[in-house]
Amino acid sequence: MNSDAQRRRQLGEFLRIRRLRLTRADLGLPPIGRRSIGLRREEAAALSGMSITWYSWLEQGRDTRPSRNVLDSLARTFRLSVAEHAYILTLAGYAAPPPTEDKIPRRTPVHARRLLAVLDDLPAYVASSDWQIVGWTRMLEAIYPNVATVREADRNELWLMFTDPDVRELMHDWEAAGRRLAADFRTEVGPRLTDPPVSRLIGRLSAASDLFRSCWEDHEVRGFTPRRSLIHHPVAGDLHLWLHRLAPAGHPHLHMVIWIPDLTTDTRERLARVVQGRSCVG
């Protein structure tokens, strides 16, 4: 199956899942028997101003080449978020060309290394467009030593989240955190699902993690937003943090993830204990 066919299939699966999750009353439709959730294909087509045949072909992944207006109409009918709307547009080809594999950086640029040095007392890392971690701070390594010891091929945000038991122990509500991360990833890589680094990662994770496979089959799409994060550390106890993400200027294929202490808690002092505890062990 070529890359265009794969993207059409992904679009069709996404539309089908979203159609079956819609609340009928929200769209002014009566229940179907006892079912209040889910639209028939013909209902979704009518509400979006298209024929049932045309809509069915979209869900089936046929070579229909929908216009932007058609996708905009479906986004309105399905009450898609901004991120979900952007996702279906990119799957249909309404986006900039994806980066080629040789443009994905595997080393941290000098200016990003300098920024990591300034942030050394905070857990932070830099990752490439396929979410390979290419640089990190002393504090991140103190909290999660495996980031420095795992083999390079496995030093990936998604891979570590779904396969490393140490991450599972650190993360409060690991399953929810994993589901959110998978949705963030799908949102970002939508137009690049067939790129070799991305497709290989998805294949490996689908084979290695039941949770990831479940998340991926759900087709959740969410744009990244700053959010609270709770880490259970064996030395410092509970670390209450805010998770932020930045894009280094001049490097569109990199992003930086930073955890900032919640200043309403004693997390800043607890972070200092993490480094002290590691120094004592060393």
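Residues numbered from 1 in each chain as written. Predicted model: local features only at pLDDT ≥ 70, side-chain atom pairs only at ≥ 80, totals over all residues. Heavy atoms only, no water.

Colleague: Even after reading the chapter, I still don't get the pattern of salt bridges, so can you show me in this structure?
Modeller: Opposite charge on two side chains allows them to pair when their charged atoms are near. Inspection of every chain in the model, using the stated rule, returns 23 salt bridges. Of the charged contacts in the structure, one is a salt bridge between Asp 63 and Arg 8, with a shortest N-O distance of 3.7 Å. Placement of the pair is Asp 63 in the loop between helix 3 (52-60) and helix 4 (68-77) and Arg 8 in helix 1 (residues 3-21), with a sequence separation of 55 residues. Of the charged contacts in the structure, one is a salt bridge between Arg 179 and Glu 175, with a shortest N-O distance of 3.6 Å. In this pair, Arg 179 and Glu 175 both sit in helix 11 (residues 174-189), 4 residues apart, roughly one turn of the helix. One network of salt bridges, in which partners are shared, links Arg 18, Arg 21, Glu 84, Glu 175, Arg 179, Asp 218 and Glu 220. (Salt bridge = Lys/Arg side-chain N within 4 Å of Asp/Glu carboxyl O. Helix = DSSP H or I, 4+ residues; strand = E, 2+ residues; numbered from the N terminus.)

Colleague: So what exactly am I meant to see when it comes to the sheet that holds strand 5 (residues 254-261) here?
Modeller: Each strand in a sheet pairs with another by means of backbone hydrogen bonds, the pair being arranged parallel or else antiparallel. Pairing in this open sheet of 5 strands is antiparallel, and the strands run 2-1-5-4-3 from one edge to the other. Two strands bound the open sheet, and with one partner strand each, they are strand 2 (133-136) and strand 3 (227-233). When the angles between neighbouring strand axes are averaged without regard to direction, this sheet yields 30°. Of the pairings in the sheet, the one linking strand 1 (residues 124-128) to strand 2 comprises 3 bridges and is antiparallel in character. Residue pairing across strands places Ala 127 opposite Ile 133, the latter belonging to strand 2. (Pairing = 2+ DSSP bridges. Axes fitted to C-alpha atoms, helices over the stretch in contact; angles between N-to-C directions.)

Colleague: I'm lost on helix 5 (residues 82-91) in this one. Help?
Modeller: Structurally, the α-helix is built with 3.6 residues per turn, so residues lying three or four positions apart point the same way. Of all the 10 residues making up helix 5, 7 are buried; the element is thus mostly covered by neighbouring parts of the structure. Burial in helix 5 covers these residues: Ala 83, Glu 84, Tyr 87, Ile 88, Leu 89, Thr 90 and Leu 91. Just downstream of helix 5 lies Gly 93, where phi reads positive at about 100°. (Buried < 20%, exposed > 50% of the residue type's maximum accessible area, 1.4 Å probe, protein only.)

Colleague: What exactly am I supposed to notice about the nonpolar core here?
Modeller: Core analysis: the largest hydrophobic core is formed by 67 residues, its most contacted members being Leu 158, Phe 162 and Phe 185. If we ignore the near neighbours within four places in the chain, the residues touching Phe 185 are Asp 130, Trp 131, Leu 158, Val 198, Leu 201, Ile 202 and Trp 216. Core analysis: the second largest hydrophobic core is formed by 10 residues, Ala 112, Leu 116, Leu 119 and Ala 124 among them. (Core = buried A, V, L, I, M, F, W, Y, C linked by side-chain atoms within 4.5 Å. Contact = heavy atoms within 4.5 Å.)

Colleague: What am I meant to see in the confidence of the model for the protein here?
Modeller: Low-confidence regions, as indicated by low pLDDT, have predicted coordinates that should not be scrutinised in detail. On average, the protein scores 89 in pLDDT, and the residues at 70 or more come to 93%. The least confident element of the protein, judged by mean pLDDT, is helix 14 (residues 267-281) at 76; the most confident is helix 9 (residues 157-163) at 97. Taken as a whole, residues 96-102 scores under 50 in pLDDT and shows 9 contacts with residues more than four places along the chain or in a different chain. (pLDDT = per-residue confidence, 0-100.)

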